[in-house]
There are 2 protein chains.
Amino acid sequence: MDDAVPPAAPPQRRARQPRQATTERRAEILRAAAHTFGSKGYKNGSLAEVAEQVGITHAGVLHHFGSKEALLVEVLEYRDKEDVRDLEGQHIPDGIELFQHLVRTARMNVERRGIVQGYTVLTGESVTEDHPARGWVTNRFTILRGEIQAAIVEVGGGDVPADVAAQAASAIIGVMDGLQVQWLLDDEVDLPAATQFAIEAILTAALLGTGRPHPLR
Amino acid sequence: MDDAVPPAAPPQRRARQPRQATTERRAEILRAAAHTFGSKGYKNGSLAEVAEQVGITHAGVLHHFGSKEALLVEVLEYRDKEDVRDLEGQHIPDGIELFQHLVRTARMNVERRGIVQGYTVLTGESVTEDHPARGWVTNRFTILRGEIQAAIVEVGGGDVPADVAAQAASAIIGVMDGLQVQWLLDDEVDLPAATQFAIEAILTAALLGTGRPHPLR
DNA sequence: AGCCAGTTACTGACAAGTCAGTAAGTTAAC
DNA sequence: GTTAACTTACTGACTTGTCAGTAACTGGCT
């Protein structure tokens, strides 16, 4: 593939770094992309629409991210990093605090419709064949399930069987996501109240027989 | 629908009905469209792909349905009719039987991955702005919530407050949908077991104080 | 029984648009 | 003066939808 050796080793010149303002510019693009993919979906959202929000052309976006799929991947990674940053300092909640945190999140989400919609659209889309976000979504579910399952076991003092804890963990995640969909389509659905009700119900059922019922409130 | 009187009928031209085999052909197309929209989504699924499955061109599909959006609407109506046909004869379950029916459905769904995926993809997509399936999905949720809420009140002997029953109904639908997403992405999730566990938990919580706990099994 | 007008059920070609991605040129920061 | 950060211009692949033309079927009239 390659030809004769260039005489001496080509001493790579300097100035190979991006400019100072570029990091923030890329972050701007990522936020715009998160907004577009969130409201229109990945397939239906276009690079042109993303570019317009930051005042450049779609080719400019491709200059930074190479391809639409690579942009999506970076959006997802960016969101992960943001989530971690939000929790910085304050320890990651475990045990009973995790469930209080989940209920609080549901309450906050009512004021963040756009973010909720983005999560919902992308998650739904991801179950299609060969979707570029599939791995990310699957992994996110796996991690979350593990954390919630561990918290259930901890709250139950180790008396909750693993399979019951696993089912309850899946159910808690499921009910949160499913209620978000209904709330997005119909404001009559009381997202925080229904979420709290369901989490308490599932948690109580999981702890049945451990002598620690009605854990929240 | 019209012209019940052949005798003095106006000299309308004849042969205004579709052909005999057409009904079945349209059904074929609807099934193909359900499959395509289900696996690829509505936006990402093309008329050409639908047409190929029944051995015609995309223009042939448009001949029958006029537009892609009209095709989607007919797919959804077709599925509704099928659901009704499945329940024909056997009365629509109410009271405690409704919840047994929901758990049975979850068990059946494990063997109908394609249908579940179609429902999931379309539901997720529908929360985007101006999606043609939005009204259908919203309506479906409203009807379902009403039925489940009524069943909860019935099982509770009228002692369950309306808002509690409403929250529980939303939660039951939500947990079923949310668990389906997780199961589609990861077979490790035990869809039937987690669904049954969650429905029992939510129902039990809703009936608390009515003297009728642990309603299923 | 056979014809035939009117219609249905298509096909193939094309219009008009959107999309991601590429190549080459320009400007300004380092 | 090199190179990052763009823009403009363009390509090719797909999209839905329209249209004219054609074969096949249907129902009524002889």
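Per chain, residue numbering runs from 1 following the sequence as it is written. Key to labels: chains lettered from A, ligands numbered from 1, both in the order written. Residues qualify for local features only when their pLDDT is at least 70, as the model is predicted, and side-chain atom pairs are given and counted only at 80 or more; totals for whole chains, interfaces and linings, by contrast, use all residues. Side-chain metrics rest on all non-hydrogen atoms present in the structure, leaving aside hydrogens and water.

By the naming in an unreviewed UniProt entry, chain A is TetR family transcriptional regulator, taken from Cellulomonas terrae.

(A) Structural context of the overall build of chain A. Strands here mean DSSP runs of E at least two residues long; helices mean DSSP runs of H or I at least four residues long; both are numbered from the N terminus. Secondary structure summary: chain A contains nine helices and zero strands in total. From first element to last, N terminus to C terminus, chain A shows the α and β order α-α-α-α-α-α-α-α-α. Three exposure classes are used, based on accessible area relative to the maximum for each residue type with a 1.4 Å probe and protein chains only: buried under 20%, partly exposed in between, and exposed over 50%. A burial count over chain A gives 44% of its 217 residues as buried. Any two residues having at least one pair of non-hydrogen atoms within 4.5 Å are treated as being in contact. Within chain A, counting contacts between residues at least 6 apart in sequence, those at least 24 apart form 65% of the total. Each accessible area is a Shrake-Rupley estimate made with a 1.4 Å probe; only the visible protein chains count as cover when residues are assessed. Here chain A displays about 11700 Å² of accessible surface, and carbon together with sulfur accounts for 53% of that area.

(B) Spotlight on the environment of Ile115 of chain A. As for its position among the elements, Ile115 of chain A is in helix α6 (residues 113–126). Taking the C-alpha atoms as reference points, Ile115 of chain A and Gly38 of chain A, 77 residues apart in sequence, are found 7.1 Å from one another.

(C) Structural context of the relation of the copies chain B and chain A. The copies are overlaid by a least-squares fit using only the C-alpha atoms of residues whose pLDDT is at least 70 in both copies. Rotating chain B by 180° and moving it 0.0 Å along the rotation axis overlays it on chain A with an RMSD of 0.1 Å. Those values place the two copies in the arrangement expected of a two-fold rotation axis.

(D) Spatial organisation of the UniProt feature "DNA-binding region" (unreviewed entry) in chain A. UniProt positions are given in the numbering used here, feature names are shortened, and annotations may be inferred rather than shown by experiment. When the UniProt feature table is mapped onto this chain numbering, "DNA-binding region" (unreviewed entry) sits at residues 46–65 of chain A. Within residues 46–65 of chain A, the helical portion is 75% and the strand portion 0%, while the C-alpha atoms at the span's ends are 14 Å from each other.

(E) The packing of helix α8 (residues 162–185) of chain A against helix α7 (residues 134–155) of chain B, seen in detail. Axis definition: a line fitted to C-alpha atoms, over the contacting stretch in the case of helices. Angles run 0 to 180 degrees between N-to-C directions. Put simply, α8 of chain A and α7 of chain B touch, their axes get as near as 10 Å, and they point 115° apart. By the criterion of interaxial angle, the relationship of α8 of chain A to α7 of chain B is roughly perpendicular. Considering only the axes of α8 of chain A and α7 of chain B, their crossing is left-handed. Here Val181, Gln182, Leu184 and Leu185 of chain A of α8 of chain A lie close against α7 of chain B, whose contacting residues are Arg134, Val137, Thr138, Phe141 and Arg145 of chain B. Classification convention: Asp, Glu, Lys, Arg as charged; Ala, Val, Leu, Ile, Met, Phe, Trp, Tyr, Cys, Pro as nonpolar; all other residues, Gly among them, as polar. Among the residues making up the contact of α8 of chain A with α7 of chain B, the classes are represented as five nonpolar, two polar and two charged. Orientation categories follow fixed angle ranges, with anything under 35 degrees roughly parallel, anything over 145 roughly antiparallel, 65 to 115 roughly perpendicular, and all other angles oblique. Helix crossings fall into two classes, left-handed where the near helix is turned counterclockwise from the far one by less than a right angle and right-handed where it is turned clockwise.

(F) How the structure looks around the pattern of salt bridges. Whenever a carboxyl oxygen of Asp or Glu lies within 4 Å of a side-chain nitrogen of Lys or Arg, that contact is scored as a salt bridge. Inspection of every chain in the model, using the stated rule, returns 16 salt bridges over all chains. A salt bridge links Arg145 of chain B to Asp186 of chain A, with the nearest nitrogen and oxygen atoms 3.1 Å apart. Taken together, the positions of Arg145 of chain B in helix α7 and Asp186 of chain A in the loop between α8 and α9 (191–207) put the pair across two chains. Take Arg145 of chain B: its relative accessible area is 11%, and that puts it in the buried class. Note that Glu24 of chain B and Arg31 of chain B form a salt bridge whose closest N and O atoms lie 2.8 Å from each other. Residue Arg31 of chain B is classed as partly exposed on the basis of its relative accessible area, which comes to 38%. One network of salt bridges, in which partners are shared, links Asp80, Asp83 and Arg140 of chain B.

(G) Quick look at the nonpolar core. Leu71, Phe99 and Ile152 of chain A together with Leu71, Phe99 and Ile152 of chain B are the most contacted members of the largest nonpolar core, which has 118 residues in total. Ignoring sequence-local partners within four residues, the contact set of Leu71 of chain B consists of Ile29, Leu30, Ala33, Phe37, Leu47, Val61 and Phe65 of chain B. Each nonpolar core is a collection of buried residues, namely Ala, Val, Leu, Ile, Met, Phe, Trp, Tyr and Cys, held together in the definition by side-chain atoms within 4.5 Å.

(H) Here's a closer look at the packing of aromatic side chains. Residues and elements named next belong to chain A. Planes of paired rings set the category: under 30 degrees apart is stacked, over 60 is edge-to-face and the rest tilted, where pairs are Phe, Tyr or Trp rings (Trp by its six-membered ring) whose centres lie within 6.5 Å. As enumerated under the stated definition, the model contains two aromatic pairs over all chains in all. Relative to Tyr42, the ring of Phe37 has its centre 5.3 Å away and its plane inclined at 70°; by these criteria the two rings are edge-to-face. Tyr42 shares its class with Phe37; the two are buried. Looking at Lys68, its charged tip hangs above the ring of Tyr42, at a distance of 4.6 Å from the centre. Throughout this description, the term charge over a ring refers to an Arg CZ or Lys NZ atom that lies within 6 Å of the ring centre and within 35 degrees of the ring normal.

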